[in-house]
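Residue-level listing of the chains:
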Amino acid sequence: RNRQPIVAIDGPAGAGKSTVARQVAQALKLLYLDTGAMYRAVTWLVLESGISIEDEPAIAEIVSKCDIELGMGDEPQAPIRVWINGQEVTQAIRSLEITSHVSAIAAQTPVRQELVKQQQRWGEKGGIVIEGRDIGTHVFPDAELKIFLTASVQERARRRQQDLKNRGEADLSLEQMQQNLSERDWKDSNRNIAPLRKAPDAIEIQTDGLSIAEVTDRIITLYREKVEGQSSTLAN
Ligand code: CDP
Ligand code: CDP
C-alpha cells in the first residue's frame, strides 16, 4: 500500500477517544486528527452566521468555502487548537451550545461530504491516528488498526462532568449530562449517512474502570502486534 499505517478510533461521546488517541499518536510518533473538532468548528460558524441549522443549502455553501486549521497546543495536556476562516475557536467549540447542535449539522450530507474529503486528504499519506464516529466504517475503511472505544453512559457522564468542573463551566447534574450524551449518541447512531457504528473488523475496548494509561497501552500493544508485526512479516 502506498501509504503509512492508519489507526482509526471511533466510539460514543466521552469514551476517551481524544485523550487516548493523542497519547497513542505521541507514543508511536504518528500524527493526530480530531474529526469531531471539525464538525464542531462548522457548527460554530453556522451559529455565528445566524443561518438556521435547518437551512441545508446555505450551510452547504458555507462549508464548501470554509478553511479549517488544527494545531497542537504547547503541552500534551492542552486542548488541540482550532481555527475556522482564520478565527481561533479552540474554547468556543466546546460550549454546551455547540455540543447540543453539532449532531444535527453533522447529519447533513453536504457537510459530511466536504469534511470527509478534507479528512481523507489529510490522512492520505497515513502515519496518523484519526478519531471520530465513522473513521473505520467510512473515512478510512482500510485502516490497519480499528478501535471501537466504549464505556457505560454513567461513566461517560461522570467523565464529562469532571471535564466541565475542571474548566469552571456551568455545572450539569449527572442526570442532565447522561441525557445530553444519550441524545447525541442516538442522533449519531441513527442518521442516514455514516452513522456511529463499530466496524466489523474493529476491536472493542470497554473502558469502565480502565485508566487512560491502561487504554493507551492496550492500543499501543495492538499496534505493535497487528501493524508492525504484520508489516515485518510481509517485508520478509
Ligand atoms: O468529544 P465528543 O465525543 O463530545 O464529540 P466530538 O468527537 O467532538 O464530536 C462532536 C460531534 O461531531 C459528534 O457528536 C458527531 O455528531 C459529530 N461527528 C461526526 O458526525 N463524525 C465524526 N467522525 C466525528 C464527529
Ligand atoms: O473524545 P471522547 O469524547 O471519546 O472522550 P475524551 O474527551 O477523550 O474523554 C472524556 C474525559 O474522560 C476526559 O477528561 C478524559 O481524561 C477522561 N477519561 C478517563 O477518565 N478515563 C479513560 N479511560 C478515558 C478518558
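- The name given to the chain in an unreviewed UniProt entry is Bifunctional pantoate ligase/cytidylate kinase, with the source organism recorded as Aerosakkonema funiforme FACHB-1375.

Observations concerning the sheet that holds strand 4 (residues 81-84)
Next, step 1: Reading across from one edge, 3-4-5 is the order of the three strands in this open sheet, with antiparallel pairing throughout. Among the strands making up the open sheet, the edge pair consists of strand 3 (68-71) and strand 5 (87-88).

Quick word on the site of ligand 1
Next, step 1: Near ligand 1 lie 20 residues; those nearest to it are Arg40, Arg112, Asp134, Arg160 and Asp188.
Next, step 2: With respect to ligand 1, the side chain of Arg112 contributes an N or O atom lying 2.8 Å from an oxygen atom.
Next, step 3: A total of 530 Å² of accessible area belongs to ligand 1 in isolation, and the protein chains cover 99% of it.
Next, step 4: Mapped onto the shell around ligand 1, the elements with two or more residues apiece are helix 2 (35-49), helix 4 (96-106), strand 6 (128-132) and helix 8 (174-190).
Next, step 5: By residue number, the principal contributor to the shell around ligand 1 is helix 2, which donates four residues.
Next, step 6: Here the shell around ligand 1 is built from residues that sort into four nonpolar, five polar and 11 charged.

Examining the pattern of salt bridges
Next, step 1: A complete count under the given rule lists 15 salt bridges for this structure.
Next, step 2: A salt bridge links Glu61 to Lys65; its shortest N-O distance comes to 3.1 Å. Taken as a pair, Glu61 and Lys65 lie in helix 3 (residues 56-65) at a separation of four residues, close to a single helical turn.
Next, step 3: For Glu61, a relative accessible area of 44% gives the class partly exposed.
Next, step 4: Residues Arg112 and Asp134 are paired through a salt bridge, measuring 2.9 Å at the closest nitrogen-oxygen approach. Residue Arg112 is found in helix 5 (residues 109-122), and its partner Asp134 is found in the loop between strand 6 and helix 6 (135-139); the two are separated by 22 residues along the sequence. Just as Arg112 is buried, Asp134 falls in that class too.

Each value, and the rule that gives it
- Residues numbered from 1 in each chain as written.
- Chains lettered and ligands numbered in written order.
- Predicted model: local features only at pLDDT ≥ 70, side-chain atom pairs only at ≥ 80, totals over all residues.
- Heavy atoms only, no water.
- Pairing = 2+ DSSP bridges.
- Helix = DSSP H or I, 4+ residues; strand = E, 2+ residues; numbered from the N terminus.
- Near = heavy atom within 4 Å.
- Polar contact = N/O pair within 3.5 Å; in protein donor to acceptor, adjacent residues only side chain to side chain.
- Areas by Shrake-Rupley, 256 points an atom, 1.4 Å probe, with all protein chains shown as cover.
- Nonpolar A, V, L, I, M, F, W, Y, C, P; charged D, E, K, R; others polar.
- Salt bridge = Lys/Arg side-chain N within 4 Å of Asp/Glu carboxyl O.
- Buried < 20%, exposed > 50% of the residue type's maximum accessible area, 1.4 Å probe, protein only.

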